[in-house]
Each structure stands twice: as C-alpha cells, then as structure tokens.
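Fold and contact review
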Amino acid sequence: MVSTHPAGVQNSGYQYLTDSITAANSPNQELLPLTARVNSHDCLEIGGCDVTSLVQQYGSPLYILDEETLRTACRQYRDAFKRYYPGVSQVLYASKAWSCLAVSAIVASEGLGIDVVSGGELYTALQAGVSTEKLYLHGNNKSVAELTLAINSGCTIVVDNWQELHTLAQARGKRQEARGEDSAAPIKIMLRLTPGIECHTHEYIRTGHLDSKFGFDPNQLDEVFKFVSQEPSLNCVGLHAHIGSQIFERQPHQDLAAVMVQWLSKAKNYGLAIAELNVGGGLGMRYTESDDPPSIAEWAKAICEGIKNACEVHALPLPKLLCEPGRSLIGSACVTAYTIGSSKIVPEIRT
Ligand SMILES: Cc1ncc(COP(=O)(O)O)c(C=O)c1O
C-alpha cells in the first residue's frame, strides 16, 4: 500500500535489492503483483500486507498498489532501454493508466517522465514534483485552458491536429500582446502522426491505422513540416506515434520504428532539427492464464534495434528515444479487493 500523498511515499519497509529486482520476472507477464503470496493464515498477502486485514481497515472495494512491482517495472523499462539503445533514452509513464500523486512521485523517483492526457493529469504530475522537462501533454481535443496550463508550466505539447497547431501558433502572439512581452520563448511541441500500421488487438484500442482519429495524416507531412518550420512561435523537438494497446507481437513496433525514422529523415528537408522520437506505449500484459505477452526487455530490444537499423539505413544520428508504457508498467502492480455480498450457485455450471 502507498499513501496518497507524495510526502508519504515510502518503501513500506521492503528491502529493495536492486540486483534481485533486475533479475525478477517481467511484471507484465504476471497475473498478480510480484510480492503476492498465500500467508500462514491462508490469506492473500501483497507487499507483506494481509489483504483481508487491509479490507477490514479500509473497507472495500479497495485498490491496492504493490510499490515493489511498480518500481521493478520502472527499472526494467529504464534499464532495458539503456542496455539496448546506444543513444539517449527516456521512459515516460502513460499516467492515464492511473494518475495520482503517489504513483506520479514513485515513477518520477525511478527516473521516468510522465505522459498526461488532461489538465487534471498534468496538474497531478506537477503537484507530485515531476520535472516539466519530462512532462508531455497528449490529447486530440485539448481545451484552451489545458493548453494554457501546459504552456505556462513549460512542458512539451504533443500536437495532434491542424486546429491545435494553429491555436498554438497564435497563442504566443496573444501572450506577448497581453503581457507586453516581446520575446516569449517558443512553445515546445512534438507532432503526433498516424503511422498506418495495423496490429492484432481489439479495434477499440487500435490507434495506428490511417483512419484513426489521433494524429496528423502522414500524407500531409510535407505541409505540416513546412508550417512548423516557418512558425517562429513553435519549437518542434520531436515526432510521436502510438499504434495501440495490449499488443503481444513485436513486429508492429519494429515496423513503426522504420516508419518513424523515415519521417525524421524528411524533416531535414525543411531544416527542422528534430531530435526526439516517441514510439508510444502498447506492450500487452497478462490478464488471463492464456495471455503470453513479451517481456519488457524483449519489447524494448525490438524497438531499439528497429530504430538503430533504420537510422543506419538513412545515415541519421540516433535520436533521443522515448516510449510511454501504461498498462504494462502498472497493471500487474494493482489489485482490487471486493467483499462478496451474496452468491448464487448453479450446481455444476456456475457460481
Ligand atoms: C498516446 C498514448 N500513449 C501511451 C498509451 C499507453 O498505452 P499502453 O497502456 O498500451 O502502454 C496510450 C494508451 O491509450 C496512448 O493513447
């Protein structure tokens, strides 16, 4: 259990033995948190806490987060990108998976940044003390209030569409007028593109196909690059794509790496010094016994190799590589405990 205030984020008395944690199973391949066990009272125990006692103390339904599992997943992501990618890398936590002060503070203390998708998530990450250098605001329908909060905080805005691009281009002018400033810094942005990559996951969580509602159409890449390169109020630092969630194959992410490096090479034609590629999230996790996702390290290796190979082909220097896992980072650290009210037994069929 963790407290809901970052000041109260403690390791609950565990000994964190980095070596044994690094060698641990990949949390996304587990059904339960790494510390789950049945204790001598025949009760489920998580992180050394008896779940029945927790429910007695806090009531139910009760969300339980195993800090050790979350930290292990953070370290495995961070360490795998360091191991397999010779350039600079940064793992971001996609906080839509669970945004609260304690979780934000824990992932930040492991060196991760955070990807947020609303003003509320951005506010939470800021309150948890996450550095704005490592904060990225997503969304295909950001309000002016959310964009303003992002601009004032100095985080990077991942621009999803033309409308947003125009709003941001005008925002600096308006700010200068309102404050009488003549040199407001350009707004740091990334561009989200739709890579046109299909993957085998549920259609509702597939976002990489060409008619997805997210991101610019890559067929308009020239216009987008031209616009951004001529707009002094915008500082485009990177490109982003996210092909979907709960993906068990590695090939779509390798294909994505190749496509994104092609975009990067095109940016040179417009004099844009784009130095960051963000490949999104998407690694699946184990919800049922039969689910068999790749490990965090296997996924990271596939992506890093994809980017390295494509950069070699295009003779490009390695970009700073970002990824933003959500469910595979936190899902198996979480358990919800319920109290059974009443039950119905249909003999030999179902309880
Ligand atoms: C833009 C973006 N990045 C990252 C994620 C996280 O994906 P996952 O939880 O599959 O890792 C999502 C999920 O919807 C997303 O939309």
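Refer to the preceding data block for the structure.
Here's what I pulled together on the structure shown here. Every value quoted in this text rests on a predicted model; they were computed, and no experiment measured them.

**Digging into the overall build of the chain**
A count of helices and strands for the chain gives eleven helices and 13 strands. Evaluated residue by residue, the chain yields a buried proportion of 51% over its 351 residues. Summarising the internal contacts of the chain: among those between residues at least 6 apart in sequence, 69% fall at separations of at least 24. Accessible surface for the chain amounts to roughly 16600 Å². Of this, 49% is attributable to carbon and sulfur atoms.

**Comments concerning the pairing of strand β5 (residues 89-94)**
Counted residue by residue, β5 has five buried out of six residues, so it is predominantly covered. As judged from the three bridges shared by β5 and strand β12 (residues 320-323), these two strands associate in the parallel manner. Looking at β12, one finds that valine 91 is bridged to cysteine 323. One ladder, built from three bridges, connects β5 with strand β6 (residues 113-116); its direction is parallel.

**Focus: the side chain of threonine 72**
Here threonine 72 shows up in helix α3 (residues 67-84). Note on threonine 72: relative accessible area 1%, which makes it buried. There is a polar contact of 2.7 Å between the side chain of threonine 72 and the backbone oxygen of glutamate 68.

**Description of helix α4 (residues 101-109)**
Restricting attention to buried positions, one finds in α4 the residues Ala102, Val103, Ser104, Ala105, Ile106 and Val107. Contact partners of the buried residues in α4: β4 (62-65), α3, β5, β6, α5 (119-127) and α11 (327-330). Of the residues trailing α4, glycine 111 is marked for its positive phi of about 90 degrees.

**Comments concerning the sheet that holds strand β10 (residues 234-240)**
With parallel pairing, the eight strands of this closed barrel are ordered in space as β5-β6-β7-β8-β9-β10-β11-β12. Strand-to-strand, the axes of this sheet are offset by a mean angle of 30 degrees, without reference to chain direction. Contacting β10 and β11 (276-278), helix α9 (residues 251-267) runs over the sheet at an angle of about 155 degrees to β10.

**A closer look at unusual backbone geometry**
The omega angle of the peptide bond from serine 60 to proline 61 is 0 degrees, so this bond is cis rather than trans. Even without being glycine, glutamine 246 reaches a positive phi, approximately 55 degrees. A positive phi angle, close to 50 degrees, is found at alanine 315, a residue other than glycine. Position of alanine 315 relative to the elements: it lies in the loop between α10 (296-313) and β12.

**Structural notes on the site of the ligand**
Inspection of the region around the ligand gives 13 residues, with Ser245, Gly282, Glu324, Gly326 and Arg327 positioned closest. With respect to the ligand, the side chain of lysine 96 contributes an N or O atom lying 3.2 Å from an oxygen atom. The contact in question runs from an oxygen atom of the ligand to an N or O atom on the backbone of glycine 282, over 3.0 Å. Protein contact buries 87% of the 400 Å² of open area that the ligand shows by itself. Of the residues in the shell around the ligand, the class split is two nonpolar, six polar and five charged.

**A look at the side chain of histidine 240**
Within the element layout of this structure, histidine 240 appears in strand β10. Engagement of the side chain of histidine 240 in a polar contact is seen with the side chain of glutamate 324, the distance being 2.6 Å. Each residue touching histidine 240, except ones within four places of it in the same chain, is listed here: His138, Val158, Leu191, Arg192, Leu193, Met260, Trp263, Asn278, Gly280 and Glu324.

**Regarding the state of the cysteines**
Evaluation of the coordinates by the stated rule reveals zero disulfides. Counting only cysteine sulfurs, cysteine 323 is the nearest neighbor of cysteine 304, a cysteine outside any disulfide, at a range of 8.2 Å. Looking at cysteine 304, the relative accessible area reads 0%, which means it is buried.

**So, the packing of aromatic side chains**
In this description, an aromatic ring pair is defined by two values, namely the gap between the centres and the angle between the planes. Here the structure, examined in full by the defined rule, presents six aromatic pairs. With a centroid separation of 5.8 Å and 85 degrees between ring planes, the pair formed by tryptophan 162 and phenylalanine 216 is classed as edge-to-face. Here the residue tryptophan 162 occupies a position in helix α7 (residues 162-179), and phenylalanine 216 occupies one in the loop between β9 (187-192) and α8 (221-229), the gap between them amounting to 54 residues. Judged by its relative accessible area of 25%, tryptophan 162 falls in the partly exposed class. Taken together, the ring pairs in this structure connect Tyr77, Phe81 and Trp299 into an aromatic cluster.

**Considering the sheet that holds strand β3 (residues 49-50)**
With antiparallel pairing, three strands are arranged side by side in an open sheet as β1-β2-β3. Each having just a single partner strand, β1 (37-38) and β3 make up the two edges of the open sheet. In the sheet, β1 pairs with strand β2 (residues 44-46) via two bridges, with the strands oriented antiparallel. Across the sheet, the residue bridging to valine 38 is leucine 44, located in β2.

**Structural notes on the packing of α9 against α10**
Their axes nearest at 8 Å, the elements α9 and α10 cross at an angle of 30 degrees. The orientation of α9 relative to α10 falls into the category roughly parallel. Seen along the crossing, α9 lies across α10 with a hand that is right-handed. From α9, His253, Gln254, Ala257, Ala258 and Val261 reach across to α10, where they touch Trp299, Ala302, Ile303, Glu305, Gly306, Ile307, Ala310 and Cys311.

Cut-offs used in this document
Residues numbered from 1 in each chain as written. Predicted model: local features only at pLDDT ≥ 70, side-chain atom pairs only at ≥ 80, totals over all residues. Heavy atoms only, no water. Helix = DSSP H or I, 4+ residues; strand = E, 2+ residues; numbered from the N terminus. Buried < 20%, exposed > 50% of the residue type's maximum accessible area, 1.4 Å probe, protein only. Contact = heavy atoms within 4.5 Å. Areas by Shrake-Rupley, 256 points an atom, 1.4 Å probe, with all protein chains shown as cover. Pairing = 2+ DSSP bridges. Polar contact = N/O pair within 3.5 Å; in protein donor to acceptor, adjacent residues only side chain to side chain. Axes fitted to C-alpha atoms, helices over the stretch in contact; angles between N-to-C directions. Near = heavy atom within 4 Å. Nonpolar A, V, L, I, M, F, W, Y, C, P; charged D, E, K, R; others polar. Disulfide = S-S within 2.5 Å. Phe/Tyr/Trp six-rings, centres within 6.5 Å; stacked < 30°, edge-to-face > 60°. Parallel < 35°, antiparallel > 145°, perpendicular 65-115°, else oblique. Left-handed = near helix turned anticlockwise from the far one by under 90°.

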